[in-house]
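Working through the structure, step by step
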Amino acid sequence: MTKNKLTKNLIIILATFLLLVWLFPYLYLVSSAFKPSQEVFSTPVKFFPTRLSLENFRNMFERMPFFKYLFNSISAAILSTILAVSLGSLSAYAIARTTGKRLSLFMLVLVLMMKMIPISSIAVPIYEIVMDLGIYDTKLALVIVYAAINIPFVIWMMISFYSNIPTSIDEAAAIDGASNLATFRKIIFPIVLPGIMSASIFTLFLSLNDFLIALLLTSVEAKTFTVAISEFVNSYNYDLGPMMAGAFLFSFPVIVISFMAQKYIVSGMTSGSIK
Amino acid sequence: MRIVSRKTLLLFFLPGAIFMAMFLIYPIFKMAIDSFYKFDVYTNEKLFVGLDNYIKAFTDGSFLIPLKNTFIYVFFAVSIETIIGMALALILVNEFRGSKLIRSLLLSPLMIAPIIAGLTWRLMFNSNFGIINQILRNVGILKKATDTITWLADKELALVAAIIADVWLTVPFMMLVFLAGLQSIDKGILEAAKIDGVNFFENLFYIKFPAIKQIILTAISIRLIDAARTFDIIYVMVDEQVTVISTVIYKTLVKYNRTGYASAMALIFIIFFVVFTLVFLRNMWRPSKGGS
């Protein structure tokens, strides 16, 4: 018994230690954001601010139209999520209910491949398409491109949810005379709602956190927060304080939301790898 | 009996498919063509050059060095993430007071933007005002107060720094997947092993790992792909020192405006991913339903 108790205590100590190590960078981000602006560059480096200050936040707001960029990020993320999830979940239903096994497998493999394509590699033609459509530096461009690259992801996630629904349910509805669309809307949709929630939260964060697409497709008007904050490092190190203030304001709500929606995020993360 | 009519299926499938065709499939075909041309930097005139762009990619440092860096990055980041993620999962699979809270808190970096992670670590690795060097001074690894390690100014150390940032960002994912796997192991088997008196390592290598082999391999595959296409962390943290394939493709296009060469590199990169995906499907992926 005492040996068991010892291992148990050891486990708790180890777990707590690793937790602290893992939280350290984020806590350092927070503490740097609230340091007086001079203190970010003082040596020896201290973890805690000597006094709490909002100077970094003030400087950050002076340096960039924070709310404009944040609004660009959030609106592009929300709109593209709605688009990707509605189109993707319909496509996924079609693939899941295709009677030809070979055809549905082929489509599934195709979708998986598209999900794995590195975005940096198709950046060249995507940039040209957006230029040709005349929508460079618009939110529309971001919405469309985010939706397009997230659709394979949504399909991939939703298929496993549809596959868990026995086809007898569809059949029963069809026999009762419901149209295909009505079957989907009234019967299938409510069952897969948790899956749709997971897919939505995921695509929302993927778009919100995106950097490369926004870097490529925006310059002034539609610039997103991630691109704006990355520019703080270009003008050399002296903006690290305001940069951390911005990083805090952007990431803190994300952490709070993901903490509350953890159930959905966890099921989304594990859906691809477990079963 | 056909459950859903073919027409309806097509109707459901098409809108999503059109988006994918336009922004994911068409680009690949366009690049395949562009990769055989050289574009004039100023007039954008096309000149057919055959396989020149490909030959250049495989003989020139401008592609081979980023390729080498990508391999190093992927190899070390994914290995370390797997080991730490598994260790954390093995610790947290034990229930104790606060284990749920610790698990939730550990998952919090999961959704942080990679760019925020890159910027935070950039600050931490700063040679003068970075807390990493300060910690090394405090524990006596750096002897004098003026000693510094210029992490981000050195090609090799910069790669190490970027790997550390990547590990920090993605260990929670690995832990989460492994934990779900460990929790799914049949309790009866573990009980039986306990009665038979197997030791910790036998338990690990003969019972637990084989039971979740599939999950481990899938998680590693997902991470291999994600690490290979990393852009954000490298770009904001160590762009001056380290280039990987995704950043070199971006820069060849945007900075040097060499569409043909960028297309060739991108296509090589995509072929690599497609092959990897097919191998992954053949060997590891067993769809729970369908297939057959």
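The structure presented is a predicted model; accordingly, all values stated were derived computationally and were not measured. (Residues numbered from 1 in each chain as written. Chains lettered and ligands numbered in written order. Predicted model: local features only at pLDDT ≥ 70, side-chain atom pairs only at ≥ 80, totals over all residues. Heavy atoms only, no water.)

Quick word on the overall build of chain B
Selection rule: Put simply, DSSP marks the helices as runs of H or I at least four residues long and the strands as runs of E at least two long, and each gets a number from the N terminus on. Here the radius of gyration uses the C-alpha set of atoms, whereas the globule reference equals 2.2 Å times the residue count to the power 0.38. For every residue, the accessible area (1.4 Å probe, protein chains only) is compared with the maximum for its type, and the residue is labelled buried under 20%, exposed over 50%, or partly exposed between those bounds. In what follows, a contact means two residues having at least one pair of non-hydrogen atoms within 4.5 Å.
Helix and strand counts for chain B come out as 13 helices and two strands. Radius of gyration (C-alpha) of chain B: 24 Å, far over the 19 Å computed for a compact globule of 292 residues. Judged by the C-alpha coordinates and their principal axes, chain B covers about 80 × 75 × 30 Å. In chain B, buried positions account for 53% of the 292 residues. Within chain B, counting contacts between residues at least 6 apart in sequence, those at least 24 apart form 66% of the total.

Comments concerning the environment of Val130(A)
Residue and element names in this part refer to chain A. Here Val 130 shows up in helix H5 (residues 123–132). Sequence separation between Val 130 and Ala 77 is 53 residues; the distance between their C-alpha atoms is 18 Å. Residues in contact with Val 130, not counting those within four places in the same chain, are Ile 135, Tyr 136, Ala 141, Val 145 and Leu 217.

Considering the interface of chain B and chain A
The line we're drawing: Buried area counts how much accessible surface, traced with a 1.4 Å probe, disappears from two parts once they are put together, with both parts' losses summed. Think of a salt bridge as a Lys or Arg side-chain nitrogen and an Asp or Glu carboxyl oxygen that are within 4 Å of each other. Within 3.5 Å is the distance limit for a polar contact, defined as a pair of N or O atoms, with the added protein rule that one can donate a hydrogen and the other accept it, and that residues adjacent in sequence qualify only through two side-chain atoms. Residues are grouped as follows: nonpolar covers Ala, Val, Leu, Ile, Met, Phe, Trp, Tyr, Cys and Pro; charged covers Asp, Glu, Lys and Arg; every other residue, Gly included, is treated as polar.
In this assembly, 98 residues from chain B lie in contact with 103 residues from chain A. Interface area for chain B against chain A, summed over the two sides, is near 9100 Å², with a carbon-plus-sulfur share of 81%. In this assembly, chain B and chain A are joined by one salt bridge. A salt bridge links Glu128(A) to Lys30(B); the nearest nitrogen and oxygen atoms lie 2.5 Å apart. At the junction of chain B and chain A, the tally comes to ten residue pairs in polar contact (both at pLDDT 80 or more). A breakdown of the residues in the side of chain B that touches chain A according to their chemical character gives 70 nonpolar, 20 polar and eight charged.

Describing the nonpolar core
Soluble globular proteins tend to bury their nonpolar side chains together. Basically, it comes down to this: Among buried residues, the Ala, Val, Leu, Ile, Met, Phe, Trp, Tyr and Cys ones that are joined through side-chain atoms within 4.5 Å form a nonpolar core.
Ranked by internal contacts, the top residues of the largest apolar core, which has 194 residues, are Ile116(B) and Met237(B). Those residues in contact with Ile116(B) that sit more than four places away from it in its chain are Leu29(A), Phe225(A), Ala247(A), Phe250(A) and Ser251(A).

Focus on a nonpolar patch on the surface
The line we're drawing: Residues enter patches when they are more than 30% accessible in relative terms and free of salt bridges; like-charged ones are connected within 9 Å and nonpolar ones (Val, Leu, Ile, Met, Phe, Trp, Tyr) within 5 Å. Accessibility throughout is a Shrake-Rupley quantity obtained with a 1.4 Å probe, and a residue counts as covered only by protein chains that appear here.
Taken together, the side chains of Phe252(A), Val256(A), Ile257(A), Phe259(A), Met260(A) and Leu101(B) define a hydrophobic patch exposed on the protein surface, amounting to about 580 Å² of accessible area. Looking at the nonpolar patch element by element, the count peaks at five residues for helix H11 (residues 240–260) of chain A. Take Ile257(A): it is sitting in helix H11.

Notes on the domain arrangement of chain A
For interface size, the figure often reported is the accessible area lost on association. All names here are of chain A. Definition in use: For the domain bounds, the source is a domain assignment made automatically or taken from a database.
You can read the domains of chain A as domain 1 (3–57) and domain 2 (64–274). Each of domain 1 and domain 2 has a C-alpha centre, and these two points are 33 Å apart. The interface is formed by ten residues belonging to domain 1 together with 14 residues belonging to domain 2. Here domain 1 packs against domain 2, burying approximately 910 Å² in sum over the two surfaces, 83% of which is carbon and sulfur.

Observations concerning H11(A)
Put simply, the test is: Multiplying one less than the number of residues by 1.5 Å gives the expected span of a helix. What the bend at a residue measures is the angle between two axes, fitted to the seven residues ending there and to the seven starting there.
In this model H11(A) runs 30 Å from its N-terminal to its C-terminal C-alpha over 21 residues, within 8% of the 30 Å that 1.5 Å per residue would give. Within H11(A), the axis deviates most sharply at Ser251(A), by approximately 30°, and proline Pro253(A) lies no more than four positions further along.

Let's talk about the confidence of the model for chain A
Condition: The pLDDT score gives, residue by residue, the confidence of the prediction method on a 0 to 100 scale.
On average, residues of chain A carry a pLDDT of 87, and 95% of them reach 70 or more. Across chain A, the element-wise mean pLDDT spans from 75 in helix H12 (residues 262–271) of chain A up to 95 in helix H3 (residues 66–96) of chain A.

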